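So the chains spell out like this:
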Amino acid sequence: MGSGYYCDISAFLILICLIYAFFIQRLNKVEDNNIVFAAMFFEMLSSGMSIVYYMHPLNRYELTAAYYIASWVLTAIGIALLVLFLYFNRAYNIGAAKLTIFVGLPLALDIIFILLAAFGFSPVFRTLAYSCDVLLFTTGINMLYAYKKNSPLECTLMLFLMLLAAIAATITELVIPELVVQRFAMSLLFAETFFSLKNPEEQFDADTGLIGLESFRDEMRRRYYYMKRHGGETSMALLMIHGSESFMRLLGEVNELKLRQSVISEIKRIANGASVYRLKQGAYAFLTEKGGREEIESIHEALIRRFESTFGNDAYEMELPYSTCRIDLPEMASDGIALMDLIHVAIKEGKLYGKSVVDLKSLDLSTEEYMRQVDEKVRHAVEDGNLEVYYQPIYSLKEKRFVSAEALLRLHDGDKFIPPDVFITVAENNGSIVEIDDYVIKQVCSMISGRNIGELGLRYIELNLSVSDMLQDDIAGKLTKFADMYHIHPSQINLEITETSDDTFTGVVEANVMKLSQLGFNFSLDDFGTGYSSLSRIIMMPFDIIKLDKTIVQSPFVMDTEQERRNAMTLLESSADMIQKIGAETVAEGVETAEQLKEMERLGVDFIQGYYFARPMPESDFINAVRAMNKR
Ligand code: C2E
Ligand code: CA
Ligand code: CA
């Protein structure tokens, strides 16, 4: 103490952290981080005392000694709190034994040595305390390295640099004791701990003040990691409030807000210290620190008890439709993805059947499991070479031959196929649709140019685009690029689109249709008659072809009663009539029998696509089929 070289800036560093922490804590109600704040606070007091002493040295030796002891005791308390925090917070994902040996022990020894030195025992103790610190900092680096996957790279790097600086400072003071910079090193450790806490803004959901989905995923990742390495299990309770959006809105804004707040505060009360995560609108997960089954079960029961009665006040009172369930890990879901699937299923089950308690164990999860496998296959479909484009010829009733074909995608799964209706939807959901579409477009373009389809008597190939394709800004650019690459004319491709039922998108879709149409691509409206196509849009968009869906084509032949068949036929007739009157050509899809074919001829349909003439087939079979038919 009292050295003229004293340059303790740790107080400032910690002060800045504390001020920062104070504000975010105020704003976001961070509760769990209080121990770290307290630790930092004690460190700051002790650093502050040193700075004060440096500016106004005390003249009596006894006072100096007391001051010195007080300052180091505060440091020791700060460190002790940090030990506690690290011990209780399993954020570092290491087992209790490792934590004790590599973190707890050095920190504890550090405290003891510091106190011994402060109370006037040999200065060797201070050297020993520093050595403990160096050990601690190195373990810190080691841990950062071992668990680098748990945090983003920038964060790991920053913490790494802080620890390096801390080691340098400690060694400096070991070698040149007059340069009192070690406490600065210590403060870096505190700051590091503070910053490795999750940023509360990401952590908390703005509406409810509950913890958000991202943090839930992080926490689950940690728990799975822990369970894999050290065994053990974790349970959670799930609360789902159904249709909260729509019916709460009926109450009017003020009451809706009040109701929401009262639900959230009840949820927090029932949680009784457990963490509550808001997974999505109306879905909440309850997790306890230890994840024990009994604790969760009692929360689960309390939730049911509370939600059996009503919410509200004098003005209104209502029961909330809800479901709950308990999930035991790793038993019911072996990893994070499976868990999210399971939660999804639970929400769906509860909503669908209005069950108050969803018993996940009794559910048949095979379809979910199947969808997950499909998801996995779809993600790797292109690179694994499991995709193949099939072609289904389209017959012209006037010319009595095949004049075009539709490209239909197949996903091989062993010696079976996964149906396109299934995997296209999955691909749209997981984003691989873009890559898959590129594949289809390329295949089709290369087929058109390689097989010289004009000579075969085919004018164009129908290519299916999904709504998500039509929402891409560069879809026109992409299609022209491929057309140029394979030296084909845009008119050799007909783009099939289905209408969206969502009005918000139609503007973008229409703009893309116009652009592509100017570039020379033709359009077919797919699935007419399934309820998604709105009549007004047919007028607005330049469709050259309208494809009658197979349901509307087959209905007049397969409905149960005479009356139904007659009505279905009326619908089919007037649809065909309307399409002719607006000047578009008609394709009847799903024609399977001679009877159906005859009827289509009567209705004046232009083209037939159906099993009656040909099924979708691989490229070479398709070429042979077209040759055989068109030679006649
Ligand atoms: P879609 O565009 O309506 O395709 C016509 C579907 O009707 C095809 O089913 C075809 O095999 C089937 N079909 C044709 N003739 C008959 C018939 O006479 N009877 C019966 N029962 N069915 C017939 P597929 O190949 O299973 O395709 C299903 C859907 O998957 C397609 O419906 C389309 O929406 C989508 N799809 C297929 N390939 C692609 C693609 O490359 N991209 C996109 N975005 N979607 C695709
Ligand atoms: Ca189609
Ligand atoms: Ca269709």
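For the structure itself, consult the block above.
A brief look at the structure comes next.

Rules of the game
Residues numbered from 1 in each chain as written. Chains lettered and ligands numbered in written order. Predicted model: local features only at pLDDT ≥ 70, side-chain atom pairs only at ≥ 80, totals over all residues. Heavy atoms only, no water. Pairing = 2+ DSSP bridges. Helix = DSSP H or I, 4+ residues; strand = E, 2+ residues; numbered from the N terminus. Axes fitted to C-alpha atoms, helices over the stretch in contact; angles between N-to-C directions. Contact = heavy atoms within 4.5 Å. Left-handed = near helix turned anticlockwise from the far one by under 90°. Nonpolar A, V, L, I, M, F, W, Y, C, P; charged D, E, K, R; others polar. Donors = N, O, S within 2.8 Å, 3.2 Å for Na, K, Ca; no water. Buried < 20%, exposed > 50% of the residue type's maximum accessible area, 1.4 Å probe, protein only. Salt bridge = Lys/Arg side-chain N within 4 Å of Asp/Glu carboxyl O. Near = heavy atom within 4 Å. Polar contact = N/O pair within 3.5 Å; in protein donor to acceptor, adjacent residues only side chain to side chain. Areas by Shrake-Rupley, 256 points an atom, 1.4 Å probe, with all protein chains shown as cover. Phe/Tyr/Trp six-rings, centres within 6.5 Å; stacked < 30°, edge-to-face > 60°. Lys NZ or Arg CZ within 6 Å of the ring centre and 35° of its normal.

### A closer look at the sheet that holds strand β3 (residues 283-287)
Right, so step 1: Sheet architecture is open: four strands sit in the order β2-β3-β1-β6, paired in antiparallel fashion. The sheet terminates laterally at β2 (275-280) and β6 (322-329), the two strands that pair on one side only. Within this sheet the neighbouring strands show an average axis-to-axis angle of 25 degrees, counted without direction.
Right, so step 2: Judged from the eight bridges that link them, strand β1 (residues 234-241) and β6 form a sheet pairing that is antiparallel. Note on β6: the bridge partner recorded for L238 is C325.
Right, so step 3: Contacts from helix α9 (residues 213-230) reach β1, β2, β3 and β6, with the element oriented near 115 degrees to β2.
Right, so step 4: Along the sheet face, helix α11 (residues 253-271) touches β1, β2 and β3 and points at about 20 degrees away from the line of β3.

### Considerations on the packing of helix α23 (residues 550-558) against helix α25 (residues 594-603)
Working note: a packed helix pair is described by the angle between its axes plus the distance between those axes.
Right, so step 1: The geometry of α23 relative to α25 is characterised by a closest axis approach of 11 Å and an angle of 115 degrees between their N-to-C directions. Of the two elements, α23 crosses α25, and the hand of that crossing is right-handed. Contacts between α23 and α25 involve V553, Q554 and F557 from the former and E595, Q596, E599 and M600 from the latter.
Right, so step 2: Grouping the amino acids of the contact of α23 with α25 by side-chain chemistry returns three nonpolar, two polar and two charged.

### Topic: the coordination of the calcium ion (ligand 2)
Right, so step 1: Protein-derived ligands of the calcium ion (ligand 2) are E406 (OE), N464 (OD1), E496 (OE) and D526 (OD), with the metal-ligand distances lying across 2.0 to 2.3 Å.
Right, so step 2: Counting gaps between the donor residues of the calcium ion (ligand 2) yields the pattern E-x57-N-x31-E-x29-D.
Right, so step 3: A distance of 4.0 Å spans the gap from the calcium ion (ligand 2) to the calcium ion (ligand 3), which D526 bridges by coordinating each metal. One end of the pair, E406, is in strand β8 (residues 401-413); the other, E496, is in strand β11 (residues 493-497), and 90 residues separate them in sequence. Both residues of the pair, E406 and E496, belong to the buried class.

### Notes on the coordination of the calcium ion (ligand 3)
Right, so step 1: For the calcium ion (ligand 3), the protein coordination sphere consists of D526 (OD), D527 (OD), E589 (OE) and E589 (OE), at 2.3 to 2.7 Å.
Right, so step 2: Summarised as a motif, the one-chain spacing of the donors to the calcium ion (ligand 3) is D-D-x61-E.
Right, so step 3: Assessed through its relative accessible area of 22%, D527 is described here as partly exposed.

### Details of the pattern of salt bridges
Right, so step 1: Under the defined criterion, the tally for this structure stands at 24 salt bridges.
Right, so step 2: Put simply, R326 and E297 hold a salt bridge, and the shortest N to O gap is 2.7 Å. One end of the pair, R326, is in strand β6; the other, E297, is in helix α12 (residues 293-308), with 29 residues separating them in the sequence.
Right, so step 3: According to the relative accessible area criterion, R326 is partly exposed, its value standing at 22%.
Right, so step 4: Assessed through its relative accessible area of 22%, E297 is described here as partly exposed.
Right, so step 5: A salt bridge links R401 to E399; the shortest N-O distance between them is 2.9 Å.
Right, so step 6: Taking the relative accessible area as the measure of exposure, R401 reaches 23% and is therefore partly exposed.
Right, so step 7: Using a relative accessible area of 35% as the deciding quantity, one classes E399 as partly exposed.
Right, so step 8: A cluster of three or more residues bridged by salt bridges with shared partners is formed by E233, R293, E297, R326, D328 and E331.

### A few points about the site of ligand 1
Right, so step 1: In the vicinity of ligand 1, 24 residues are found, and the nearest of them are R410, D526, K550, E592 and Y611.
Right, so step 2: E592 is positioned with one of its side-chain polar atoms (N or O) 2.5 Å from a nitrogen atom of ligand 1.
Right, so step 3: One of the backbone N or O atoms of Y611 is found 2.7 Å from an oxygen atom in ligand 1.
Right, so step 4: Computed on the free molecule, ligand 1 has an accessible area of 790 Å², of which 87% lies beneath the protein chains in the complex.
Right, so step 5: Of all the elements, β8 adds the most residues to the shell around ligand 1, at four residues.
Right, so step 6: Per-class residue counts for the shell around ligand 1 are nine nonpolar, six polar and nine charged.

### Looking at the packing of aromatic side chains
Right, so step 1: Evaluated as defined, the whole model comprises 12 aromatic pairs.
Right, so step 2: Note on F216 and Y277: the rings are 5.3 Å apart at their centroids and 65 degrees apart in plane angle, and the pair reads as edge-to-face. In this pair, F216 is assigned in helix α9 and Y277 in strand β2, connecting sequence segments 61 residues apart. Comparing F216 with Y277, the two get one shared label, buried.
Right, so step 3: Arranged with centres 3.9 Å apart and planes meeting at 15 degrees, the rings of Y395 and F613 form a pair that is stacked. Taken together, the positions of Y395 in strand β7 (residues 387-396) and F613 in the loop between β15 (607-609) and β16 (617-618) put the pair 218 residues apart, joining distant regions of the chain.
Right, so step 4: For F613, a relative accessible area of 22% puts it in the partly exposed group.
Right, so step 5: Of the aromatic side chains, those joined through ring pairs into one cluster are Y395, F402, Y612 and F613.
Right, so step 6: Geometry around F311 places R306 over its ring, the cationic atom sitting 3.8 Å from the centre.
Right, so step 7: When the ring centre of Y611 is taken as origin, the NZ or CZ atom of R615, which lies over that ring, is 4.0 Å away.

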